[in-house]
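# Chains, contacts and geometry: an overview
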Amino acid sequence: MSLVSNADVYELYRDAWGIPHLRAPDALHLSYAQGRTTALDRAWQLEVERRRAQGASAALLGPESVAWDRFARQSRLDDTARRCWEALESGEPETAAWVRAYVDGVNDGLAEGARRDGRLTQTPAPWDPWVPLAVWIATHILFAGFATKLWRERVARALGDDAVTLFATDGPGTAGSNGWLVPGDRTSTGAAIIAGDPHRFIEDPGVYQQIRLACPEYDVLGLAVPGIPGLAHFGHTGTAAWAITNAMADYQDLYVEQLRRAEGGATEALGPDGAWEPVHRHTETITVAGGADVEVEVLETPRGPVITHEAADGTARTLSLRYPPRVRRDLGFAALPALLRARTVADIDAALDGWAEPVNVVHAADSLGGLLHRVAGAVPLRHPANRLHPVPAWDRQYAWQGWADTPAEPVQGFAVMANARGIASPLGVEFAPPHRANRIRELLSGSADWSPKAMADVHRDTHLASAAPLLALLPEPQDLTPAARALRARLLAWDRHMDAGSTDATVFSALRTATVRRFAADPVFAELVGAPAGPEVFHPWLYLVPRIGYALEGLLTTALLPGLDRAAHVRAALEETAAAQAPDTPWSEVHRLTPWQAVPDPDATWPGLGGDHDCVNATSSVPGFTDLTARASAARYVWDLARREDSLWAVPLGADGVTGAPHHRDQLPLWARCELVPVVTDWSRLTKESA
């Protein structure tokens, strides 16, 4: 039964951008209001996310979704959510009631939301109370990049154990972010400013929802994840604010399993004590719109669910996935309502002590001058080899041995988080190159009088420091044809900014593409060529060209590949680019946004962008593969701790998830220019709607 029989117990207001501001008499009714409003605005998105979390998206979206559904079922995402929900109900009943109120709101709003959106021909099935937990797990299951361990293993076989981290970088499929905290002694108001942007694959509707949640207990605004109550990642309570980036921690393991069929037909796995242990086994059916049903065998050993029966090279093998939520039966959801109640940095810090998934670096500040820079999340203690590649399940030395302490450090000067090595280094293996973090520090050091509006200049910066190693290998002019000599001079005179209107940026990208492709064709990488084997869900981590594209800077300078003639490849790439005689084209004409849509809109037009994957304005192309960008800032925010009403934010599309609605894509032009819209806190400036 719903928490309330109608929506009269809360008030819904919207600002000029259609952003919902909700007011309710207590926290439970406010959670209900958030769920119902999200269903009204984003019923289609909620239906897609529920189905993805439950491994049932192919029934809606067709055969292309079977690969994900198979992985979701084999890794037991929905079952893990149920287990976490049961633990939440018994251990944190108040939090469970708060989550249930959100689900009640979703269920009460789905019918009306479906009527607004022509993509839904019938009212979606109601949500079970654990669906938000399932959505959260499905959203973050690939964040720690465990599939990279399959790539490292493949690299070690081809190039030797010393090369296992040769391609180490913020690779395809992972999620990054920028974030920075400017203390009050460097701002125009004397109070801290927190700003940044999470980098995610851009989706339509957007993955973040601007929203305000107000009740007598608190009044908080921030960026919600549709389908999840509260404001998990980015929020401002009026006197305190927080923001996160991906810590790049390694907290999921792959185990090589030995299975056998026992007497009576049961399946067993060889355990670390040398004894054969029971394996859970059953089959499930994936319904496919426009296709035949697909049977999926679901296995689980004492380490975790079996996610593949073959390795990246096609060799028959069984791998299980061990991930903290399934082991701990905890997602840290109790932190979500605690964050909404936070008034100080100490409150935020205490709330995040219970954080579990995913592992984040956090910045927080309050109006009293409190500052926080810490890591939050659950990382297992285990053998160092677990972090690098799959390890044998039958060897006790690779078992988990408890949980790591999460680092924290004092804020001295500016605090910057951009997925590079730093505070989270002890917890990870691969981190982003330092360029974004270094550039943000450089820009912030240029002033001691920062204002919220000035932060847009940091967001939009397009300097590409990772261009240096490639440009440094350009051959001497006497060794080149006249056309290549002229191109060399042009590139060396370039300011190394990937500005939207820059034709030099386009030419540099063409050179980079030619270099990546020539590297990929070199015999030294011959064993890494070819389409990956194994589950399709892991393929973005296993293709050679993208791996070389993202790791090009390191491959240009490493001593681990003496047989790779870098100079010859760069010379040939320069000649190839010069001979192409491409017309001068602004970067934004080829570097265009291509967001993911569950059902593509053939009439949609998407803007060209500045920036690139190693710029602060991190609009990520895939060097060597495409100049188009599918990954960029999924939101931008500036939290002012002096006056919350001077804070700013923006999302790639808009507040409404319904195609063609006035606020579906109204922020897109501003977002493309790295501009932000004002946060509105004065209720008298908002328009009240019928809830």
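So, here is what we can say about the structure in this document. Worth saying up front: this structure is predicted, and the values here are computed from it rather than measured.

## A look at the pairing of strand S22 (residues 626–633)
Of the pairings in the sheet, the one linking strand S4 (residues 193–201) to S22 comprises 3 bridges and is antiparallel in character. Paired with Phe 201 across the bridge in S22 is Arg 631. Counted between consecutive antiparallel strands, the loop separating strand S21 (residues 620–622) from S22 contains 3 residues, among which Gly 624 sits at a positive phi close to 90°.

## What about the pattern of salt bridges?
A complete count under the given rule lists 47 salt bridges for this structure. Here Arg 317 ties to Glu 153 by a salt bridge, and the two come within 2.7 Å at their closest N and O atoms. A residue pair is termed long-range when its members are at least 10 positions apart, and Arg 317 in strand S16 (residues 316–322) and Glu 153 in helix H7 (residues 148–159) qualify at 164 residues. Relative accessible area serves as the criterion here: at 18%, Arg 317 is assigned to the buried category. One network of salt bridges, with partners in common, ties together Arg 76, Asp 79, Arg 83, Glu 300 and Arg 326.

## Re the packing of helix H15 (residues 503–520) against helix H16 (residues 544–557)
How two helices pack is summed up by the angle between their axes together with the distance between the axes. Where H15 meets H16, the axes come as close as 9 Å, and the angle between the chain directions of the two elements is 105°. The orientation of H15 with respect to H16, classified from their angle, is roughly perpendicular. Two secondary-structure elements touch here, H15 through Arg 512, Thr 515, Val 516, Phe 519 and Ala 520 and H16 through Leu 544, Val 545, Ile 548, Gly 549, Leu 552, Leu 555 and Leu 556. Across the contact of H15 with H16, the residue classes tally to 9 nonpolar, 2 polar and 1 charged.

## Some details on the packing of aromatic side chains
This structure, assessed with the given rule, holds 16 aromatic pairs. Ring centres 6.1 Å apart and planes at 85° place the aromatic pair Trp 136 and Phe 333 in the edge-to-face group. Here Phe 333 lies in the loop between helix H8 (324–328) and helix H9 (335–340) and Trp 136 lies in helix H6 (residues 131–140), a separation of 197 residues in the sequence. For the pair shown, Trp 136 and Phe 333 are each scored as buried. Aromatic side chains Trp 151 and Phe 167 sit 5.2 Å apart centroid to centroid with 80° between the ring planes, which places their arrangement in the edge-to-face category.

## Digging into the environment of Trp 98
Mapping Trp 98 onto the fold places it in helix H5 (residues 93–116). On the accessibility criterion, Trp 98 (4% relative accessible area) is buried. Put simply, Trp 98 and Ala 334 are 236 residues apart on the chain and 9.7 Å apart in space, counted from C-alpha to C-alpha.

## Some remarks on the pairing of strand S6 (residues 218–224)
Taking burial as the measure, the 7 residues of S6 include 6 buried ones, the bulk of the element. With 7 bridges connecting them, strand S5 (residues 209–215) and S6 associate as antiparallel partners. By the bridge assignment for S6, Gln 209 is matched with Ala 224. Where S6 lies against strand S7 (residues 234–236), 3 bridges are found, and the strand directions are antiparallel. In the sheet register, Leu 221 faces S7, and the bridge partner there is His 236.

## A look at the sheet that holds S7
On the basis of which strands lie adjacent, the open sheet formed by 9 strands has the order S18-S17-S8-S7-S6-S5-S2-S1-S26 and mixed pairing. Since the sheet does not close on itself, it has two edges, and those belong to strand S18 (371–376) and strand S26 (687–689), each with one partner. The mean inter-strand angle of the sheet, taken between neighbouring strand axes irrespective of direction, is 20°. Set on the sheet, helix H1 (residues 27–53) makes contact with strand S1 (11–14), strand S2 (20–23), S5 and S6; between it and S5 the angle comes to about 155°. Against the sheet, helix H10 (residues 345–352) touches strand S8 (240–246), strand S17 (360–366) and S18, its axis set at about 5° to S18.

What counts, and at which threshold
All residue numbers refer to position in the chain's written sequence, counted from 1. Selection of residues for local features in this predicted model requires a pLDDT of at least 70, selection of side-chain atom pairs for listing and counting requires 80 or more, and totals for whole chains, interfaces and linings are taken over all residues. Side-chain measures here rest on the full set of heavy atoms in the structure, leaving out hydrogens and waters. At least two DSSP bridges between two strands are required for those strands to pair. Here a helix means four or more residues in a row that DSSP labels H or I, a strand means two or more in a row labelled E, and each is numbered from the N terminus. A pair is scored as a salt bridge if a Lys or Arg side-chain nitrogen falls within 4 Å of a carboxyl oxygen belonging to Asp or Glu. A 1.4 Å probe rolled over the protein chains alone gives each residue an accessible area, and that area as a share of the maximum for its type sets the label: buried under 20%, exposed over 50%, partly exposed in between. Every axis in this analysis is a line fitted to C-alpha atoms, fitted for helices over the stretch in contact. Angles between the N-to-C directions lie between 0 and 180 degrees. To sort the angles, those under 35 degrees are grouped as roughly parallel, those over 145 as roughly antiparallel, those from 65 to 115 as roughly perpendicular, and the leftovers as oblique. Contacts are assigned to residue pairs that have any heavy atoms within 4.5 Å of one another. Each residue gets one label: Ala, Val, Leu, Ile, Met, Phe, Trp, Tyr, Cys and Pro are nonpolar, Asp, Glu, Lys and Arg are charged, and the others, such as Gly, are polar. Aromatic rings from Phe, Tyr and Trp, with only the six-membered ring used for Trp, were paired whenever their centres fell within 6.5 Å, and each pair was classed as stacked if the ring planes differed by under 30 degrees, edge-to-face if by over 60, and tilted otherwise.

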